[in-house]
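# Fold and geometry: a report
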Amino acid sequence: MSAEHTRLTAALRELRARTGLSLAALSERTAYSKSSWERYLNGKSLPPRQAVQDLCRVANEPDGRLLALWEIAESHWSRRAAAPAPATDKPQPRPRPQEPLRPSGNGRPRGRRGRFMVVLASAYTVIVAGVALILFLLPDRDAPTDEPLSASAPYSLAPQCHGAACEGRDPMRMVCGIDPDNLTTYRTATGAHVELRYSKKCGASWARVWGTRIGDRIEVTAGGPTHDVRIRNKNDTDTYVYTEMTEAHPGSTVRACFRPASANGEQECVEARVGGGGSTTLPPSPR
């Protein structure tokens, strides 16, 4: 699964968790079966565009950001984003002159029957391939709705780690991004938004950022290891980008620092205390 598909799957799972709906209930509110949603939310297959829109509708969420993620993931899924193969300068062989057909005993040229059979076989192959393609592209809405859910389904509502076990882990994959506390939101001088998040169930915190530029970086710490993430390309600038988690608990001070891509930009940091106490914006400092 590509990084783009992983990012879309994590966003869909977070949105579905926010609705509080089971897969069966989600199936009843959309045109897609329970087993289809299991595949989409597990990353086993790319959901149709309409499925993304339906989930946003059920969650009462604007679909712009999710559809942008879907467009990026779909382009990689269908390999439309792959660069075309370079042209070769190798000379093409010249066609050999066709030998004249020798007449048979009855005066008819030999080989006509053979050519007819080749054409017939080719037509049959095209028909079979076309039918197979149609069956492959048919929507899976009629898939059985009573397909059992895997016991290890990664979108289980139960968190997959806690405290020190969450250190350096992905908050979405560990199911820590379900209804987290927003400790503070800070707008940087470049217009980016930095948000500190905390999951009580996971005992961990992380930072996420949006409205960024390529080359920006955000880091987070709660007095222990520091985890950071860099904005790598335009795809990252179009969506949320978040750090790995750091262990935190009530009373911990979580700190996020934003480092802009511009050479003359200044680092901006913000702190917030888990469990209240407000937030503190630290004065900008040169990088």
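Higher on the page you've got the structure.
The structure contained in this document is the topic of the report that follows.

Rules behind the numbers
Residues numbered from 1 in each chain as written. Predicted model: local features only at pLDDT ≥ 70, side-chain atom pairs only at ≥ 80, totals over all residues. Heavy atoms only, no water. Helix = DSSP H or I, 4+ residues; strand = E, 2+ residues; numbered from the N terminus. Buried < 20%, exposed > 50% of the residue type's maximum accessible area, 1.4 Å probe, protein only. Contact = heavy atoms within 4.5 Å. Disulfide = S-S within 2.5 Å. Expected span 1.5 Å × (residues − 1). Axes fitted to C-alpha atoms, helices over the stretch in contact; angles between N-to-C directions. Left-handed = near helix turned anticlockwise from the far one by under 90°. Nonpolar A, V, L, I, M, F, W, Y, C, P; charged D, E, K, R; others polar. 1 Å grid on protein atoms, 1.4 Å probe; cavity = no way out; pocket = protein on both sides within 12 Å on 5 of 7 lines; lining within 4 Å. Points joined across faces, edges and corners; volume = space filled by probe spheres on them. Pairing = 2+ DSSP bridges.

Each helix and strand in the chain was counted, giving seven helices and 10 strands. Put simply, the chain has 287 residues, and 39% of those count as buried. Long-range contacts, defined as pairs at least 24 residues apart, comprise 55% of the intrachain contacts of the chain with a sequence gap of at least 6.

Summed over all chains, the structure comprises three disulfides. Each sulfur of the disulfide joining cysteine 176 and cysteine 202 lies 2.1 Å from the other. Residues cysteine 176 and cysteine 202 are joined through a disulfide that is left-handed, its torsion about the S-S bond being -95°. Highlighted residues: cysteine 176 in the loop between helix H6 (112-137) and strand E1 (181-187) and cysteine 202 in the loop between strand E2 (193-199) and strand E3 (204-210), separated in sequence by 26 residues. Per residue, the accessibility class of cysteine 176 equals that of cysteine 202, and both read buried. The disulfide partner of cysteine 257 is cysteine 269, and the gap between their sulfur atoms is 2.0 Å.

A few words now on helix H1 (residues 3-19). Taking 1.5 Å of rise per residue, 17 residues should cover 24 Å, and H1 covers 25 Å from first to last C-alpha, within 8% of that figure. Summarising burial for H1: 14 of the 17 residues are buried, a large majority. Phi for glycine 20, located one or two positions after H1, is positive at around 75°.

For the rest of this paragraph, the subject is the packing of H1 against helix H4 (residues 49-58). One can describe the packing of H1 onto H4 by two numbers: an axis separation of 9 Å at closest approach and a directional angle of 35°. For the pair H1 and H4, the sense of crossing is left-handed. In this structure, H1 contributes Leu12, Leu15, Arg16 and Thr19 to the contact, and H4 contributes Val52, Leu55, Cys56 and Val58. A class-by-class count of the residues in the contact of H1 with H4 yields six nonpolar, one polar and one charged.

With that settled, consider empty space enclosed by the protein. This model, assessed by the stated rule, comprises three cavities of 30 Å³ or more. What the largest cavity holds in volume is close to 120 Å³. Lining the largest cavity are 13 residues; nearest its centre among them are Ala11, Glu14, Arg65, Tyr240 and Tyr242. Secondary-structure elements contributing two or more residues to the lining of the largest cavity are H1, helix H5 (64-77) and E3. For the lining of the largest cavity, the element with the highest residue contribution is H1, accounting for four residues.

Okay, the pairing of E3 next. Side-chain direction in a regular strand flips from residue to residue, so the side chains alternate between the two faces of the sheet. Among the seven residues in E3, six count as buried, and that is most of the element. The pairing of E2 with E3 spans seven bridges and is antiparallel. Looking across to E3, one finds that tyrosine 198 is bridged to serine 205. Linking two consecutive strands that pair antiparallel, namely E2 and E3, is a turn of four residues; a positive phi of about 60° is found at glycine 203 within it. With two bridges connecting them, E3 and strand E7 (residues 246-247) associate as antiparallel partners. Bridge assignment links alanine 204 to a residue of E7, and that residue is glutamate 247. The pairing of E3 with strand E6 (residues 241-242) spans two bridges and is classified as antiparallel. Bridge pairing in E6 links valine 209 to valine 241.

These figures capture arrangement, not role.
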